[in-house]
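# Secondary and tertiary structure notes
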Amino acid sequence: MNGALDRLGDLVHRSRLTGHAAIVTDTTVVCHYGERARLALEEAGYTTSLHVVDAGEQSKSLATVETLASELVKAGVDRSGFIVALGGGVVGDLAGFTASIHYRGIPFVQVPTTIMAQVDSSVGGKTAVNIPAGKNLVGSFHQPRLVVVDPLTLTTLPARVIREGMAEMVKHAAIRDAAMLYDIRALAEETELGFTLSTIERLPDLIARNIAIKARVVEEDEKETKDVRAFLNFGHTLGHGIEAAVPYGELLHGEVVSLGMRAALFLSEKYAGLSAHASEDVLSTLKALELPLVLPEGIDPATALEKTLTDKKFQAGMIRFVLLGALGQPTISDDITIDDLKEALALLQRPA
């Protein structure tokens with residue numbers, strides 16, 4: 001809800017959390033919301049500490065986990081305390097993973113401040129850090145006790161970050177709610193300069209709609225053992241490979257997911273019977289959001305393929321690829337070959 005950040009202490013108290021509240025955030029978010037979050041918690045009677053990591057994907061590392069865990073011990077955060085993850089997906093993943101192993105596991109609260117985190121990464125309990133071999137390869141399932149979403153935090157985001165976050169909305173629409181594609185396109189032109197307060201007033205319902213989709217999928221298959229939660233990987237298989245093939249920051253996560261979705265739509269038409277009309281419905285939404293559909297110059301497709309084959313979705317020598325038979329009808333295919341991936345990467349070098 002709008003204004004939820006200033007009610008954080010009350011909301012946490014209602015969740016029956018006690019003890020020391022350790023706020024984990026980054027160098028960007030702390031300037032906007034660090035003190036507000038601390039004040040809201042202290043007004044509710046919590047003892048707090050603030051732990052700030054460098055903004056960016058490089059903080060999702062085992063080295064940062066070790067540093068953060070040491071800070072928590074020094075601050076007196078034992079198994080009776082809890083962590084508050086205040087920030088985007090990087091902070092949520094890092095803080096959640098640290099919470100899952102600190103004193104063999106303590107509770108944590110997600111307070112996502114980006115669209116990407118609000119509609120996707122803060123919900124579902126997946127936590128992870130990166131290692132040189134690949135993204136999110138070391139992690140755990142650790143469900144947050146509470147997720148507090150305040151759409152007003154989105155007003156401080158640059159337009160590019162807003163657009164890349166909405167890529168996850170497009171993914172949810174493609175796999176579960178095709179009608180939402182039209183609602184996303186209706187907001188697309190408002191991302192040019194970032195969201196205004198008037199736009200924010202319209203966002204809670206759309207954000208809630210996306211959270212409901214993610215939550216339903218997770219409820220059906222929390223630990224990804226039934227080939228249901230894997231549907232959330234639509235666009236992510238090649239996307240993660242592309243992301244790992246470029247220097248940090250050159251492409252944002254939602255931007256590589258956009259590229260991955262174009263590749264997945266192509267393979268869906270080829271193997272799963274997806275209609276060209278349905279494929280274009282998704283692509284036109286990505287275009288309206290000005291998300292990339294063509295590999296930027298300088299990205300080596302061979303490197304992207306190599307990185308894809310080290311991703312955790314590559315199992316027993318096979319790629320487990322999410323395809324669409326129709327909008328809202330995802331399937332898992334084990335039939336996608338390396339040659340198929342090469343063909344999809346070649347497609348991404350041509351105009352959409």
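That block above? That's the structure.
Scope of this entry: the structure provided in the associated data block.

Thresholds applied
- Residues numbered from 1 in each chain as written.
- Predicted model: local features only at pLDDT ≥ 70, side-chain atom pairs only at ≥ 80, totals over all residues.
- Heavy atoms only, no water.
- Pairing = 2+ DSSP bridges.
- Helix = DSSP H or I, 4+ residues; strand = E, 2+ residues; numbered from the N terminus.
- Contact = heavy atoms within 4.5 Å.
- Axes fitted to C-alpha atoms, helices over the stretch in contact; angles between N-to-C directions.
- Core = buried A, V, L, I, M, F, W, Y, C linked by side-chain atoms within 4.5 Å.
- Buried < 20%, exposed > 50% of the residue type's maximum accessible area, 1.4 Å probe, protein only.
- Salt bridge = Lys/Arg side-chain N within 4 Å of Asp/Glu carboxyl O.

### Here's the deal with the sheet that holds strand S3 (residues 82-87)
Reading across from one edge, S2-S1-S3-S4-S7 is the order of the five strands in this open sheet, with parallel pairing throughout. Every other strand in the sheet has two partners, leaving strand S2 (48-53) and strand S7 (146-147) as the edge strands with one partner each. Of the pairings in the sheet, the one linking strand S1 (residues 21-26) to S2 comprises six bridges and is parallel in character. The residue of S2 that forms the bridge with Ala22 is Ser49. Along the sheet, helix H3 (residues 62-75) contacts S1, S2 and S3; its crossing angle with S2, the most-contacted strand, is approximately 160°. Strands S1, S2, S3 and strand S4 (108-112) of the sheet are contacted by helix H4 (residues 89-101), whose axis makes an angle of about 170° with S3.

### What about the nonpolar core?
Counting 64 residues, the largest nonpolar core has Met166, Phe234 and Ile242 as the members making the most contacts within it. Sorting elements by how many residues they give to this core places helix H6 (residues 159-176) first, with nine residues. Not counting chain neighbours up to four residues away, the residues in contact with Phe234 comprise Lys171, Ala174, Ile175, Val257, Met261, Ala264, Leu265, Val322 and Leu324. Of all hydrophobic cores here, the second largest spans 21 residues; its members include Leu5, Ala21, Val29 and Val109.

### As for the pairing of strand S5 (residues 126-131)
Relative to strand S6 (residues 134-141), S5 runs antiparallel, the two sharing five bridges. Each residue of the ladder has a partner; that of Ala128, found in S6, is Gly139. The loop that links S5 with its antiparallel partner S6 comprises two residues.

### Things to note about the pattern of salt bridges
One pass over the full model with this rule turns up 21 salt bridges. Its salt-bridge partner being Asp183, residue Arg209 comes within 2.7 Å of it at the nearest N-O pair. Of this pair, Arg209 sits in helix H9 (residues 203-220) while Asp183 sits in helix H7 (residues 180-188); the two residues are 26 residues apart in sequence, bridging distant segments of the chain. Asp183 sits in the partly exposed class, given a relative accessible area of 33%. Overlapping salt bridges bring together Asp120, Glu168, Lys171 and Lys214 as one network.

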